[in-house]
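# Working through the structure, step by step
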Amino acid sequence: MKYTDEERAIIADWPKTTEEDVKRLNDLFPHYLFFRWQSLRRSGRTEDYVELRASCCGHREERNRLQRTETPEHRALLDMLQHKRHGTCPWCGRDITAIDLKRARGRKSLRRNECVLLLHSKGNVLYADALALSKWYETDADLSGPPEVWCSSGYRFERGAVLQLDHQLYGDNPYPSWEKGTLTRKKKVQEPFKVGCISFYNHESYRIVNREVVENHPAFRYCGYFHEWQYRPGGARGYATYFHDFISYLTAYSIYPQQIELLVKAEMYRPVEDLIYGRKKWAAAMCWEEPDIRKSMQLTKPELREFMELGCPMELLEIRNYARRLGKNWNLARSRAWYEMWGDPLTVLRFLRKYDLDPDRFARYIDNFSFVDPELMIPPDTLFDIYKDYIEAAYMTGLCMEHTKVLWPDDLGAAHAAATAAWQASLDDGTAREEKAKNLKARKQKYEFEMGGLCIVFPATGAAVKREGQKLNHCVGGYAARHVKGVLSIVFLRWAAAPHQPYVTIEMHGNNIAQIHGKNNDIGGVSPRVTHKKFLDTWLKWLEDGSKRDADGKPILPKKRKAKGVA
């Protein structure tokens, strides 16, 4: 490939590995003193001598067993030459283990590999070389030689820009990848040592050599990785030997240095974790381009103190900012109340904004409403689903959306039934019967599934959907027409031993579950989404993989995959 002049200059100026670096890399491996006793016949006499190979300092020597003037050092060395005995190298002072080469012929148990980040600096620029090291001790030269090195990738960090040179895919012709000015949704700079295949991969953890380069660097000494980030909940508490997110953290710090430093010191780890692991910037909650935390989150000093002391989730800021679009100046307490009320609070706010509904009035309406039995507590999310369905049906049938009795009916259940029935009667798009039948057959082939005593049944008629609603005492009957038209899909979760007995009803939008309810909308019970989580997760995964079937029409279950991203 062709490089720009800037890239050529950067590659030419890349730091080289020094002898001291090689010593440090070698010290990552256990040290051995290899020895082998030999006999040599001279002048009619047999003399015993020992071959010595030190992996710690590279010392090589042949020494006679008997010397005319025996020194204490010589006697101590001979005494240590016992297989797997621990001692100290007489030439460099490192801890070693003696290995008799006649007893350890293959030396397979001594083989070891290490993944390492080797750090250097030049001026205000920090460099990191991702090296895969190995020591196998197969040949005589390997016994005292340095580890074999393969460069996976290299990284160059400076304020505002990060460059990765990837040797893993392009061999001697590294491919440069830039991350400049902002962290985009697409991952340009990634952790090294990617292993796996095209369908799944992960990143191996690594050790860091020359760590003091970061701690003394003028631009990165306050990044807080070793002294702050590793002490966070779930972190390594500062005693880690292997790391998995150093590159991701420094990439984020290079582009947002003040923000990362202040957030980590304030122990506000959530936005930093989401940024470096998932490139999620919480754009609806904060502005990363603003270095002042308080201004970035649009909080007053008391609010920021409250936010930090209570450990408020970032979702509260999203809710507060979205509520402002609806003309509501909510504080953190009001935002928390809304957050705790709904399973998906932003979806509720978006719906209210679409129909210009007041969120405070809606909350009071839902909080005081019960259309089944005043003694029963209906979950707010269930009431929201019913109310949303009612409003959409009312809008489609042309009811006056400015009238109070239309927006806030006294009997939501009756209003919902009437509006959905009217909408069903008005649905007639002229679609031919053959096309409808073809669409229903294709969806039946897509959704029907069986595993572990449970099965998914696809109803072919609107009457079947209505009958399901009557048997389970919920409102799915109002969805019958839209199910037949293909606007959405209603499927039944049933026991395989009783496929005609109503059990659980599911509303599907493509491959996603919009609603799932059993009898009486699961009032006072556990949601089927929790009870049958394993079955439903497998079914959804099968749908994502294309609903594959074998020659007999049976579902082909998807294979388990490892999660992508940082290890």
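Residues numbered from 1 in each chain as written. Predicted model: local features only at pLDDT ≥ 70, side-chain atom pairs only at ≥ 80, totals over all residues. Heavy atoms only, no water.

## Structural notes on the layout of surface pockets
How we decide: Cavities and pockets were defined on a 1 Å grid built from protein atoms only: a cavity is a group of points that admits a 1.4 Å probe but offers it no way out, a pocket is an open group of points flanked by protein on both sides within 12 Å along at least five of seven lines, and a lining residue is one with an atom within 4 Å of any such point. Grid points are joined across faces, edges and corners, and a volume is the space filled by probe spheres set on the points. Strands here are runs of E lasting at least two residues and helices are runs of H or I lasting at least four, both read from the DSSP assignment and numbered beginning at the N terminus. Under this grouping Gly is polar, as are all residues other than the nonpolar Ala, Val, Leu, Ile, Met, Phe, Trp, Tyr, Cys and Pro and the charged Asp, Glu, Lys and Arg.
For the largest pocket, the calculated volume is near 740 Å³. In this structure, the largest pocket is lined by 31 residues; those nearest its centre are D381, F384, D385, A514 and Q515. Only α14 (345-354), α16 (380-396), β17 (504-509) and β18 (512-517) provide two or more residues apiece to the lining of the largest pocket. Considering only residue class, the lining of the largest pocket consists of 12 nonpolar, nine polar and 10 charged.

## Digging into the pairing of β17
Quick note on the threshold: Three labels apply to residues, based on accessible area from a 1.4 Å probe with only protein chains included: buried if under 20% of the type maximum, exposed if over 50%, partly exposed otherwise in between. Two strands pair if DSSP finds at least two bridges between them.
Of all the six residues making up β17, five are buried; the element is thus mostly covered by neighbouring parts of the structure. Two elements, strand β16 (residues 489-495) and β17, share five bridges in a ladder whose sense is antiparallel. Residue pairing for β17: L493 is matched across the bridge by V504. The pairing of β17 with β18 spans five bridges and is classified as antiparallel. Within β18, the residue paired with E507 across the bridge is Q515. In this antiparallel pair of consecutive strands, β17 and β18, the connection spans two residues, and G510 shows a positive phi of 70°.

## Structural notes on the sheet that holds strand β8 (residues 148-158)
The test is simple: Angles here are taken between N-to-C directions and fall from 0 to 180 degrees, while the axes themselves are lines fitted to C-alpha atoms, restricted in helices to the stretch in contact. Contact criterion: two residues are considered in contact whenever any of their non-hydrogen atoms come within 4.5 Å of each other.
Spatial ordering of the open sheet is given by β10-β9-β8-β7-β6-β13, a layout of six strands whose pairing is mixed. Looking at strand neighbours, the two that pair on one side only are β10 (175-180) and β13 (207-209), the edges of this open sheet. Direction aside, neighbouring strands of the sheet carry axes that sit 20° apart on average. The pairing of strand β9 (residues 161-166) with β10 spans six bridges and is antiparallel. Following the sheet pairing, L165 is matched in β10 by P176. Strand contacts of helix α1 (residues 5-12): β8, β9 and β10, with the helix running at about 105° to β10, the strand carrying the most contacts.

## Points about the packing of helix α7 (residues 246-255) against helix α8 (residues 257-265)
Going by this rule: Working definition: roughly parallel below 35 degrees, roughly antiparallel above 145 degrees, roughly perpendicular at 65 to 115 degrees, and oblique for all remaining angles.
For the pair α7 and α8, the least separation of the axes is 5 Å and the interaxial angle reads 120°. In terms of their interaxial angle, α7 and α8 are classed as oblique. Where α7 approaches α8, its residues Y249, A252, Y253, S254 and I255 are matched on the opposing element by P257, I260, E261 and V264. Each residue belonging to the contact of α7 with α8 can be placed in one class, and the counts come to seven nonpolar, one polar and one charged.

## Points about the packing of aromatic side chains
For clarity, the threshold we go by: In this scheme Phe, Tyr and Trp rings, the latter by its six-membered ring, pair at centre separations within 6.5 Å, and the angle between planes marks the pair as stacked below 30 degrees, edge-to-face above 60, and tilted otherwise.
Throughout the structure, instances matching the rule amount to 36 aromatic pairs. Note on W14 and Y127: the rings are 5.0 Å apart at their centroids and 70° apart in plane angle, and the pair reads as edge-to-face. Here W14 is found in the loop between α1 and α2 (19-26), whereas its partner Y127 is found in strand β7 (residues 125-135), with 113 residues between them in sequence. Looking at Y127, the relative accessible area reads 2%, which means it is buried. Ring geometry for F351 and Y387: centres 6.4 Å apart, planes at 85°, overall edge-to-face.

## Looking at the pattern of salt bridges
Counted only if it meets this: Basic side-chain nitrogens of Lys or Arg form a salt bridge, by our definition, when they fall within 4 Å of a carboxyl oxygen of Asp or Glu.
Applying the stated rule across the entire model yields 38 salt bridges. A salt bridge links D360 to K328, with the nearest nitrogen and oxygen atoms 3.3 Å apart. With D360 in helix α15 (residues 359-368) and K328 in the loop between α12 (315-325) and α13 (332-341), the pair connects residues that are 32 residues apart, well separated along the chain. Of the two residues, D360 and K328, neither departs from the other in class, the shared state being buried. D537 is paired through a salt bridge with K533; the nearest N and O atoms lie 2.7 Å apart.

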